[in-house]
Amino acid sequence: MHTIIPALAMRDGRCAMSFGVMGADYQPMGHMQLVTNMVDYGMDVQQAIDAPRVFFLGETTEVERGVSPATIDGLKARGHNVVLRPLPHGGGQGIVIDWQKGTLIGGSDPRKDGCAIGY
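Small disclaimer: the values here were computed from a predicted structure and weren't measured.

Peer 1: Describe the layout of surface pockets, and please don't skip the residues or the numbers.
Peer 2: Size it by volume and the largest pocket reaches roughly 380 Å³. As for the largest pocket, its lining consists of 15 residues, of which Arg11, Ala16, Met17, Val96 and Ile97 are closest to the centre. Going through the elements one at a time, β1 (7–11), β2 (14–22), α1 (27–39) and β6 (91–98) are the ones with two or more residues in the lining of the largest pocket. Grouping the constituent residues of the lining of the largest pocket by class yields 10 nonpolar, one polar and four charged. The space that makes up the second largest pocket amounts to roughly 260 Å³. In this structure, the second largest pocket is lined by 13 residues; those nearest its centre are Leu104, Ile105, Gly106, Ile117 and Gly118. If you list the elements that add at least two residues to the lining of the second largest pocket, you get β6 and β7 (103–108). It is β7 that provides the largest number of residues to the lining of the second largest pocket, a total of five residues. The class makeup of the residues in the lining of the second largest pocket is seven nonpolar, six polar and no charged.

Peer 1: Go over the pairing of strand β3 (residues 54–57) with me, naming the residues and quoting the values.
Peer 2: Where β3 lies against strand β4 (residues 60–63), four bridges are found, and the strand directions are antiparallel. Among the inter-strand pairings, Phe56 is bridged to a residue of β4, identified as Thr61. Between β3 and β4, which pair antiparallel one after the other, the connecting turn spans two residues, and Gly58 there sits at a positive phi close to 65°.

Peer 1: An account of the packing of aromatic side chains is requested, with residue identities and associated values reported.
Peer 2: Scanning all chains against the criterion turns up one aromatic pair. Relative to Phe55, the ring of Tyr26 lies with its centre 5.6 Å away and its plane at 75°, an arrangement referred to as edge-to-face. With a gap of 29 residues between them, Tyr26 in the loop between β2 and α1 and Phe55 in strand β3 connect regions that are remote in the sequence.

Peer 1: Describe the sheet that holds β6, and please don't skip the residues or the numbers.
Peer 2: Strand order in this open sheet of four strands is β1-β2-β6-β7, and the pairing throughout is antiparallel. Each edge of the open sheet carries a strand with a single partner, namely β1 and β7. For this sheet the average axis-to-axis angle between neighbouring strands, irrespective of direction, equals 15°. For β2 and β6, the ladder comprises six bridges, and the chain directions are antiparallel. Looking across to β6, one finds that Met22 is bridged to Gly91. Here α1 sits on the sheet in contact with β1, β2 and β6, set at roughly 130° to β2.

Peer 1: Outline the pattern of salt bridges, listing residues and values.
Peer 2: Applying the stated criterion across every chain, the model contains four salt bridges. A salt bridge links Arg85 to Glu62; the shortest N-O distance between them is 3.0 Å. A residue pair is termed long-range when its members are at least 10 positions apart, and Arg85 in the loop between β5 (81–84) and β6 and Glu62 in strand β4 qualify at 23 residues. When its relative accessible area of 12% is taken as the criterion, Glu62 is described as buried. Asp109 is the partner of Arg111 in a salt bridge, and the nearest nitrogen-oxygen pair spans 2.9 Å. The pair formed by Arg111 and Asp109 is uniform in burial state, with each residue classed as buried. One network of salt bridges, in which partners are shared, links Arg53, Glu64, Asp109 and Arg111.

Criteria and thresholds
Residues numbered from 1 in each chain as written. Predicted model: local features only at pLDDT ≥ 70, side-chain atom pairs only at ≥ 80, totals over all residues. Heavy atoms only, no water. 1 Å grid on protein atoms, 1.4 Å probe; cavity = no way out; pocket = protein on both sides within 12 Å on 5 of 7 lines; lining within 4 Å. Points joined across faces, edges and corners; volume = space filled by probe spheres on them. Helix = DSSP H or I, 4+ residues; strand = E, 2+ residues; numbered from the N terminus. Nonpolar A, V, L, I, M, F, W, Y, C, P; charged D, E, K, R; others polar. Pairing = 2+ DSSP bridges. Phe/Tyr/Trp six-rings, centres within 6.5 Å; stacked < 30°, edge-to-face > 60°. Axes fitted to C-alpha atoms, helices over the stretch in contact; angles between N-to-C directions. Contact = heavy atoms within 4.5 Å. Salt bridge = Lys/Arg side-chain N within 4 Å of Asp/Glu carboxyl O. Buried < 20%, exposed > 50% of the residue type's maximum accessible area, 1.4 Å probe, protein only.

In C-alpha cells:
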C-alpha cells in the first residue's frame, strides 16, 4: 500500500464519500478506522478524522493520546502490549456527498496541514 491511494465509499450505487488517510503502513487501517467511526459510531466526517487512532506494529499496539484509559486497560487485559505513540498517526481528509441536499461536507485532519473550505 502507498499513501497516495484515496478511497471512494459507495452507497446505493453511487459515490457517497471520497477520502484518504495517509501514513504509509498505517493507511489501510486508517481507512478502516475512518469508515468504522462513521458507520458504526455515527460520527460525521470531521469527528471520524479527529478521533484518536490505534495501530498495530508487530507485537506492539500503538495508541494516540485521547484513547480512553478503559480502552487501553481492555487491550492490556486481552494481552496487547500497549504503548502511547509520541507522534500522531498519519493524516486524512474526506468529502461526504449528500445527494438529497445537493451538498458536499468536508473534513480535514488537524494532524497535518490543510483545511476543508467551501463556497
